[in-house]
Amino acid sequence: MIRTIDIEKSFGENHVLKGITTEFHDGKPNLIIGASGAGKTVLLKLLIGLFTPTSGQVFYDDTNIFELNKKELRQIRMKIGMLFQGNALFDSLTVGENIRFPMDMFTRRTAKEKQMRVDECLEMVNMEGINDRYPSEVSGGMQKRVGIARAMVLEPKYLFCDEPNSGLDPQTSILIDELICELTNRNNITTVINTHDMNSVMGIGDNILLMKHGHVAWRGDKSQVLESDNETLEDFIFASPFLQRLREDALKLRNRERG
Amino acid sequence: MLINTFLYHFGQYVLLLKSAVAKPERFSMYYKETIRQMDAIGVGSVFIVILISMFIGMVTAVQFADQLGDSFVPTYYIGYIVRDITIIEMAPTITCLVLAGKVGSNLAAEIGGMRQKEHIDAMEIMGVNTAAYLIMPKLVAAVFVIPLLVAISAFVSIIGGYVATVLPGSLSHTEYVLGLRSYFVPRYVFMMFVKASVFAFLLTSVSCYLGYYVKGGSIELGEASTNAVVVSNVLILLFDFIIALLLT
Ligand SMILES: Nc1ncnc2c1ncn2[C@@H]1O[C@H](COP(=O)(O)OP(=O)(O)O)[C@@H](O)[C@H]1O
Ligand SMILES: [Mg+2]
């Protein structure tokens with residue numbers, strides 16, 4: 001479990017995070033949602049120690065990561081996998097070499113064992129057979145999958161995904177969500193996903209944190225989304241008139257069913 | 001204001017170098033990267049270094065021959081002067097100025113690109129000490145290979161001097177070689193290697209530093225790459241002077 005306590009973060013005059021206190025649970029996807037510029041990426045990078053907060057704490061189970069020295073922080077990071085918004089695949093390495101990189105760096109496995117694990121990971125994300133291609137030679141959706149495979153290669157306890165759906169068509173993006181969800185459940189990982197994709201919210205939103213201007217505006221799960229009368233949530237989720245109408249219809253239907 | 005900026009960068013530079021000196025996570029990865037850099041920096045620059053050194057030697061010889069003119073200085077001094085100017089000054093300094101343009105800009109752009117594409121963040125998250133992994137192999141490679149390039153440069157320049165004076169007939173083979181063998185001071189060769197190592201360290205570390213902390217987009221990346229060349233060049237000349245003061 002990851003807990004944050006009263007996180008504040010400013011970049012100079014720009015006060016980006018304003019007192020974030022929340023929890024991210026084991027074994028299920030935790031979503032951070034909110035409009036662009038709400039501070040989602042900053043919060044995510046703060047959770048993994050790429051930024052330090054102006055004040056506040058981040059606990060991994062009982063460890064406050066901002067009290068660790070660099071070496072201890074690296075120990076924790078070996079248990080972290082991260083999927084970046086732009087994938088951050090190393091473009092001079094092939095797909096297979098990308099996935100192998102963490103093993104090359106941190107394990108003493110033989111070349112054969114490494115290749116077996118690479119194949120396993122590629123299979124896990126349904127991408128067998130692209131081992132020798134370069135990231136620039138495969139599609140955006142495939143790159144995401146490779147990114148996930150690389151994040152999973154050392155069997156992390158924590159998985160962070162920054163906008164895993166950005167730039168993907170709705171179908172691919174649902175497949176990616178399902179993949180992340182499945183991996184999370186199967187391996188009991190603490191997964192934090194940062195998104196503004198509606199389908200993700202309604203599909204895999206087991207623990208949702210809505211951010212607005214650096215505040216926590218709402219917390220809940222997908223079953224509570226439709227019923228909530230939180231204004232920020234409504235503004236965010238039902239931004240388009242089309243969705244607004246769908247929601248009204250759904251609520252009407254439910255009220256009728258209930259009698 | 002200027003002094004603030006200078007101190008800020010100097011401090012950050014020293015801290016970066018400090019974290020770059022660390023025990024490798026996996027020695028074989030660092031070794032592989034070092035070899036790759038040696039190939040890129042060394043083998044990749046041999047041709048340009050030879051070309052430039054040839055001309056340096058030729059120009060030095062021809063101009064010195066002209067200055068001697070009908071003076072009482074014996075003509076074999078041409079070989080002597082070419083040798084010493086090359087070893088003490090031309091080979092280390094010009095080679096490293098050129099390498100700052102070629103290697104320095106390249107390193108800054110490579111590391112800066114990795115920063116912008118979040119490759120560095122990705123490695124950090126894996127638990128890699130990126131300062132060490134991205135900088136140490138480059139430093140080791142450069143400090144090892146660039147002095148070798150400088151030695152090649154000195155050698156080729158001396159041949160250049162020969163080509164420009166002996167072949168057209170303005171000096172005999174015997175005279176040039178006599179010059180080369182006169183008044184040899186071994187300490188100058190030592191000085192050449194000191195300069196080469198120091199310049200190599202400067203141009204590599206400064207370029208890596210500027211790339212490592214690049215922000216923004218392609219304009220900033222271009223600026224970082226240009227700054228790497230400009231700052232390296234200024235530092236090379238400054239330290240050229242300092243070393244000259246210390247070692248003469
Ligand atoms: N490295 C940074 N330096 C300064 N300001 C930043 C930095 N990263 C993000 N910000 C600011 O933080 C705010 C939130 O950004 P971000 O977390 O990326 O939003 P999003 O919710 O779209 O991911 C923005 O106003 C942005 O300008
Ligand atoms: Mg973002």
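1. Some details on the packing of helix H5 (residues 130-165) of chain B against helix H7 (residues 186-212) of chain B
Residues and elements named next belong to chain B. Viewed as axis vectors pointing N to C, H5 and H7 meet at an angle of 145 degrees, and their least axial separation amounts to 8 Å. Relative to H7, H5 is oriented so that their crossing is right-handed. Among the residues making up the contact of H5 with H7, the classes are represented as 19 nonpolar, four polar and one charged.

2. A short note on the interface of chain A and chain B
With 24 residues of chain A in contact, the opposing surface of chain B contributes 18 residues. Approximately 2,000 Å² of surface area, both sides summed, lies buried where chain A meets chain B, with 62% of it carried by carbon and sulfur atoms. Inspection of the region where chain A meets chain B yields four salt bridges. With its nearest N and O atoms 3.0 Å apart, the salt bridge here joins A:Lys45 to B:Glu118. Between chain A and chain B we count five residue pairs in polar contact (both at pLDDT 80 or more) in total. Elements with a minimum of two residues in the side of chain A that touches chain B: helix H2 (70-77), strand E6 (80-83) and helix H3 (95-106) of chain A. At five residues, the largest contribution of residues to the side of chain A that touches chain B is made by H3(A). Residue composition of the side of chain A that touches chain B, grouped by class: 13 nonpolar, three polar and eight charged.

3. Thoughts on the site of ligand 1
Residue and element names in this part refer to chain A. Ligand 1 sits among Phe11, Asn14, Val16, Ala35, Ser36, Gly37, Ala38, Gly39, Lys40, Thr41, Val42 and Phe51. Within the contact set of ligand 1, an oxygen atom lies 3.2 Å away from a backbone nitrogen or oxygen of alanine 38. One of the backbone N or O atoms of lysine 40 is found 2.9 Å from an oxygen atom in ligand 1. If ligand 1 stood free it would expose 560 Å²; the protein chains cover 61% of that surface. Broken down by secondary-structure element, the contributors of at least two residues to the shell around ligand 1 are strand E2 (14-24) and helix H1 (40-47). It is H1 that contributes the most residues to the shell around ligand 1, three residues altogether. Residue classes in the shell around ligand 1 are distributed as six nonpolar, five polar and one charged.

4. Some points on helix H4 (residues 111-124) of chain A
All names here are of chain A. With 14 residues, H4 should reach 20 Å at 1.5 Å per residue; the first-to-last C-alpha distance of 20 Å fits that figure. Close packing links the buried residues of H4 with H3, helix H5 (140-152) and helix H6 (170-187). Phi turns positive, to about 60 degrees, at asparagine 126, one or two residues after H4.

5. Description of the domain arrangement of chain A
All names here are of chain A. Assigned domains within chain A: domain 1 (1-79 + 156-169 + 178-224) and domain 2 (91-155). Summarising the inter-unit geometry, the C-alpha centres of domain 1 and domain 2 are found 25 Å apart. Regarding the contact of domain 1 and domain 2, the summed buried area is about 990 Å², with carbon and sulfur atoms giving 78% of it. Among the residues domain 1 hides against domain 2, the three largest losses belong to Met78, Pro156 and Leu179. Together they make up 49% of the total. Summed over the shared surface of domain 1 and domain 2, the result is zero salt bridges. Applying the counting rule to domain 1 against domain 2 returns zero residue pairs in polar contact (both at pLDDT 80 or more). Each residue belonging to the side of domain 1 that touches domain 2 can be placed in one class, and the counts come to nine nonpolar, two polar and two charged.

6. Brief notes about the environment of B:Thr93
All names here are of chain B. The topology assignment puts threonine 93 in helix H3 (residues 77-116). In this structure, the C-alpha to C-alpha distance between threonine 93 and phenylalanine 239, residues 146 residues apart in sequence, is 10.0 Å. The contact partners of threonine 93, leaving out residues within four places of it in the chain, are Phe199, Ile236, Leu237 and Asp240. Of note is the side chain of threonine 93, whose polar atom sits 2.9 Å from the backbone oxygen of glutamate 89.

7. What to know about the pattern of salt bridges
Scanning the model with the defined rule gives 19 salt bridges over all chains in all. Of the charged contacts, one joins A:Asp91 and B:Lys117 as a salt bridge, the two residues approaching to 2.7 Å between their closest N and O atoms. Of this pair, A:Asp91 sits in the loop between E6 and H3 while B:Lys117 is found in the loop between H3 and helix H4 (119-126), placing the two residues in two different chains. With its nearest N and O atoms 2.7 Å apart, the salt bridge here joins A:Arg117 to A:Glu120. In this pair, A:Arg117 and A:Glu120 both sit in helix H4, three residues apart, roughly one turn of the helix. Via salt bridges that share partners, A:Lys45, B:Arg115, B:Glu118 and B:Asp121 belong to a single interconnected network.

8. Some details on the packing of aromatic side chains
Inspection of every chain in the model, using the stated rule, returns 15 aromatic pairs over all chains. Plain terms: the ring middles of B:Tyr77 and B:Tyr80 are 5.3 Å apart, the flat faces sit at 80 degrees to each other, and that makes the pair edge-to-face. Taken as a pair, B:Tyr77 and B:Tyr80 lie in helix H3 at a separation of three residues, close to a single helical turn. The class for B:Tyr77 is partly exposed, based on a relative accessible area of 22%. Ring geometry for B:Tyr80 versus B:Tyr183: centroids 5.0 Å apart, planes at 65 degrees, classification edge-to-face. A residue pair is termed long-range when its members are at least 10 positions apart, and B:Tyr80 in helix H3 and B:Tyr183 in the loop between helix H6 (173-180) and H7 qualify at 103 residues. Given the relative accessible area of 19%, B:Tyr80 is considered buried. Here the aromatic residues A:Phe90, A:Phe101, B:Tyr30 and B:Tyr133 are joined through ring pairs into a cluster of three or more. When the ring centre of A:Phe59 is taken as origin, the NZ or CZ atom of A:Arg3, which lies over that ring, is 5.0 Å away. Across from the ring centre of A:Phe11, 5.0 Å away, lies the NZ or CZ of A:Lys9, which sits over that ring.

9. Some thoughts on the confidence of the model for chain A
Across chain A, pLDDT averages 90, with 100% of residues at or above 70. H3(A) holds the highest mean pLDDT among the elements of chain A, 95, whereas helix H9 (residues 231-237) of chain A holds the lowest, 82.

Thresholds applied
- Residues numbered from 1 in each chain as written.
- Chains lettered and ligands numbered in written order.
- Predicted model: local features only at pLDDT ≥ 70, side-chain atom pairs only at ≥ 80, totals over all residues.
- Heavy atoms only, no water.
- Axes fitted to C-alpha atoms, helices over the stretch in contact; angles between N-to-C directions.
- Helix = DSSP H or I, 4+ residues; strand = E, 2+ residues; numbered from the N terminus.
- Left-handed = near helix turned anticlockwise from the far one by under 90°.
- Nonpolar A, V, L, I, M, F, W, Y, C, P; charged D, E, K, R; others polar.
- Contact = heavy atoms within 4.5 Å.
- Buried area = accessible area lost by both parts, 1.4 Å probe.
- Salt bridge = Lys/Arg side-chain N within 4 Å of Asp/Glu carboxyl O.
- Polar contact = N/O pair within 3.5 Å; in protein donor to acceptor, adjacent residues only side chain to side chain.
- Near = heavy atom within 4 Å.
- Areas by Shrake-Rupley, 256 points an atom, 1.4 Å probe, with all protein chains shown as cover.
- Expected span 1.5 Å × (residues − 1).
- Domains from an automatic or database assignment.
- Phe/Tyr/Trp six-rings, centres within 6.5 Å; stacked < 30°, edge-to-face > 60°.
- Buried < 20%, exposed > 50% of the residue type's maximum accessible area, 1.4 Å probe, protein only.
- Lys NZ or Arg CZ within 6 Å of the ring centre and 35° of its normal.
- pLDDT = per-residue confidence, 0-100.

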